[in-house]
Amino acid sequence: MNGLLSRGYRWLRRPRSRGQAMAEFTILLMALMFGLGAITTFAPEMFAALTIYIRGFYCVLGYPFG
């Protein structure tokens, strides 16, 4: 490999101190927890909106909701 990808790969594979590795792990874990929290908070509303949208098509086409 050469170019930009090899530089990124070398950056990922560089040696780290224990404190730096722990800090990076903590930041990544917090970002993952924040993302999962956002998804679980807004997913029911998004699903309800999608359901209303699909039921609107059924209503226009004359299909029963059940």
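Structural data are supplied above this passage.
Now for a description of the structure that goes with this document. Not measured: the values here are computed from a predicted model. (Residues numbered from 1 in each chain as written. Predicted model: local features only at pLDDT ≥ 70, side-chain atom pairs only at ≥ 80, totals over all residues. Heavy atoms only, no water.)

**Here's the deal with the pattern of salt bridges**
A side chain of one charge can pair with a side chain of the opposite charge if their charged atoms are brought near each other. What counts here: Counted as salt bridges are all cases of a side-chain nitrogen of Lys or Arg within 4 Å of a carboxyl oxygen of Asp or Glu. The helix and strand labels rest on DSSP assignments: H or I over at least four residues marks a helix, E over at least two residues marks a strand, and numbering proceeds from the N terminus. The buried label applies to any residue whose accessible area, calculated with a 1.4 Å probe on protein chains only, is under 20% of its type's maximum; exposed applies above 50%, and partly exposed to all values in between.
Here the structure, examined in full by the defined rule, presents 2 salt bridges. Across the salt bridge formed by Arg-14 and Glu-24, the nearest N and O atoms sit 2.9 Å from each other. Highlighted residues: Arg-14 in the loop between helix H1 (4-12) and helix H2 (18-61) and Glu-24 in helix H2, separated in sequence by 10 residues. Judged by its relative accessible area of 22%, Arg-14 falls in the partly exposed class. On the basis of relative accessibility, which here comes to 24%, the residue Glu-24 falls in the partly exposed class. For Glu-24, the salt bridge goes to Arg-16, with nearest N and O atoms at 2.7 Å. The network of salt bridges with common partners includes Arg-14, Arg-16 and Glu-24.

Remember that the coordinates give geometry; whether it matters functionally is a separate question.
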